[in-house]
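So the chains spell out like this:
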Amino acid sequence: SADDFINELATNILPSLNQDRLIIDIRSNPGGFIPAGERLLQLLSPNKTVELSPVSFRSTAAVQKLVTLDSLRPWKRSLDLRLQTGERFSQGITLSDLENLPSYRYPGNVAIIVDSLSYSTSDFFAAGFRDNDLGIIIGTESRTGAGGANVWPYDVLAQFVNRAEGRQVMQRLPMGIGFTLSMRRSLRTGVSAGLPVEDLGTQPDEIHRLTLDDILQGNVDLLNFTASKL
């Protein structure tokens with residue numbers, strides 16, 4: 001759970017590290033649990049409350065049925081107004097919260113390392129890191145993966161649709177087949193408020209092209225370059 005993840009970081013991991021400089025490498029991270037990634041941002045912000053990325057549904061009649069379910073009800077009002085407003089997307093509402101966090105905050109300078117395979121929760125994390133001005137972003141490529149969405153597996157979508165319809169509308173796929181869909185897009189905050197992450201990603205402050213020593217000796221040049229920026 002997000003709570004267990006954050007408690008382990010705040011209690012055992014982050015306090016055991018150097019308290020002056022911290023490097024977090026999220027390259028090739030395809031994503032995970034968005035609230036866990038977003039709550040980590042607050043542990044890296046000793047002086048202010050971070051602003052979390054809101055997410056929006058497409059404004060369609062099919063989605064309007066989905067948001068009658070209790071867990072999706074926060075998006076209902078804006079979707080009920082879709083014909084009056086003509087908006088293509090619902091109101092943006094955050095998936096995460098910052099309640100009941102441990103008191104620990106990392107006090108030092110922080111850098112994150114990203115590449116074009118940093119997707120989903122990593123996209124959220126990198127965008128939130130930038131928008132809340134938590135430190136420096138080093139990239140081995142020119143931007144993160146730019147997925148920028150809350151994805152649902154087909155089975156999860158089918159469960160929501162069937163509950164909303166009150167009958168079996170969507171069937172389980174045969175032979176163990178499955179896929180995911182981008183259901184809610186994430187939006188930036190801060191000076192980039194309202195811009196989507198999808199298709200744009202987050203650009204690093206500086207780019208370090210991997211060297212032969214990086215490949216053969218555990219990212220030695222990349223880590224030294226990033227540390228020098230801290």
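Throughout what follows, the structure given in this document is the object of discussion. Here the structure is a predicted model, which is why all the values come from computation and not from measurement.

**Quick notes on the sheet that holds strand S6 (residues 149-153)**
One key point about sheets: their strands pair by backbone hydrogen bonds, in either a parallel or an antiparallel sense.
Logical step 1: The sheet built from four strands is open, its strands ordered S3-S2-S7-S6 with antiparallel pairing. A strand with exactly one partner marks an edge of an open sheet, and here the two such strands are strand S3 (93-94) and S6.
Logical step 2: Where S6 lies against strand S7 (residues 180-186), five bridges are found, and the strand directions are antiparallel. Among the inter-strand pairings, Ala149 is bridged to a residue of S7, identified as Arg185.

**Focus on the sheet that holds strand S1 (residues 21-25)**
Logical step 1: In space, the four strands of this open sheet follow the order S1-S4-S5-S8, with parallel pairing throughout. Whereas interior strands pair on both sides, the edge strands pair on one side only; in this sheet they are S1 and strand S8 (206-207).
Logical step 2: In terms of strand pairing, strand S4 (residues 109-114) meets strand S5 (residues 136-139) through four bridges, oriented parallel. Considered in S5, the bridge of Ile113 is made with Ile138.
Logical step 3: Sheet strands touched by helix H6 (residues 121-131): S1, S4 and S5. Its angle to S4, the strand with the most contacts, is close to 140°.
Logical step 4: Helix H9 (residues 220-229) rests against S1, S4, S5 and S8 of the sheet, and its axis sits at about 155° to S5.

**Observations concerning helix H1 (residues 2-13)**
Logical step 1: Every buried residue belonging to H1 is among Ala2, Ile6, Leu9 and Ala10, and all of these are buried. Buried residues of H1 fall within an arc of 85° about the axis and therefore sit on the same side. Exposed and facing more than 90 degrees away from the buried side of H1 are Asp4 and Thr11.
Logical step 2: Check the buried side of H1 and you find it contacts helix H2 (34-43).

**Looking at the pattern of salt bridges**
Logical step 1: Per the counting criterion, the structure on display carries ten salt bridges.
Logical step 2: Measuring nitrogen to oxygen at the nearest pair gives 3.2 Å for the salt bridge that ties Asp70 to Arg73.
Logical step 3: Among the residues examined, Asp70 registers a relative accessible area of 62% and is labelled exposed.
Logical step 4: The partner of Arg188 in a salt bridge is Asp131, and the shortest N-O contact between them spans 2.7 Å. Taken together, the residues Arg188 in the loop between S7 and S8 and Asp131 in helix H6 connect sequence positions 57 residues apart.
Logical step 5: Residues participating in the shared-partner salt-bridge network are Asp3, Arg39 and Asp97.

**Quick word on the side chain of Asp214**
Logical step 1: For Asp214, the location among the structural elements is in helix H8 (residues 212-216).
Logical step 2: Arg27 provides the closest opposite charge to the buried, salt-bridge-free Asp214, at an N-O distance of 7.1 Å.
Logical step 3: Reaching out from Asp214, the side chain makes a polar contact with the backbone nitrogen of Val220 at a distance of 3.4 Å.
Logical step 4: With residues near it in sequence (within four places) discarded, Asp214 still touches His208, Arg209, Asn219, Val220, Asp221 and Leu222.

**Considerations on the side chain of Ser96**
Logical step 1: Checked against the element boundaries, Ser96 lands in the loop between S3 and S4.
Logical step 2: In terms of polar contacts, Ser96 uses its side chain to reach the side chain of Glu38, at 2.6 Å.
Logical step 3: Those residues in contact with Ser96, other than ones at most four positions away along the chain, are Ile34, Pro35, Glu38 and Leu52.

**Section: the packing of aromatic side chains**
Logical step 1: Following the criterion strictly, the structure yields five aromatic pairs and no others.
Logical step 2: With 6.1 Å between their ring centres and 80° between their planes, Phe57 and Trp152 make a pair best called edge-to-face. Taken together, the residues span a long stretch of sequence, with Phe57 in strand S2 (residues 54-57) and Trp152 in strand S6 at a distance of 95 residues. Neither residue differs from the other here; Phe57 and Trp152 are each classed as buried.
Logical step 3: An aromatic cluster is defined as three or more aromatic residues linked by ring pairs; in this entry it consists of Phe57, Trp75, Trp152 and Phe160.
Logical step 4: Its guanidinium or amino end placed over the ring of Phe89, Arg58 lies 5.6 Å from that ring's centre, counting from NZ or CZ.
Logical step 5: The positively charged end of Arg185 is found above the aromatic ring belonging to Phe89, 3.7 Å away from the centroid.

Here is what the cut-offs are and how they apply
Residues numbered from 1 in each chain as written. Predicted model: local features only at pLDDT ≥ 70, side-chain atom pairs only at ≥ 80, totals over all residues. Heavy atoms only, no water. Pairing = 2+ DSSP bridges. Helix = DSSP H or I, 4+ residues; strand = E, 2+ residues; numbered from the N terminus. Contact = heavy atoms within 4.5 Å. Axes fitted to C-alpha atoms, helices over the stretch in contact; angles between N-to-C directions. Buried < 20%, exposed > 50% of the residue type's maximum accessible area, 1.4 Å probe, protein only. Arc of directions from axis to C-beta. Salt bridge = Lys/Arg side-chain N within 4 Å of Asp/Glu carboxyl O. Lys, Arg positive; Asp, Glu negative; His and termini not counted. Polar contact = N/O pair within 3.5 Å; in protein donor to acceptor, adjacent residues only side chain to side chain. Phe/Tyr/Trp six-rings, centres within 6.5 Å; stacked < 30°, edge-to-face > 60°. Lys NZ or Arg CZ within 6 Å of the ring centre and 35° of its normal.

Remember that the coordinates give geometry; whether it matters functionally is a separate question.
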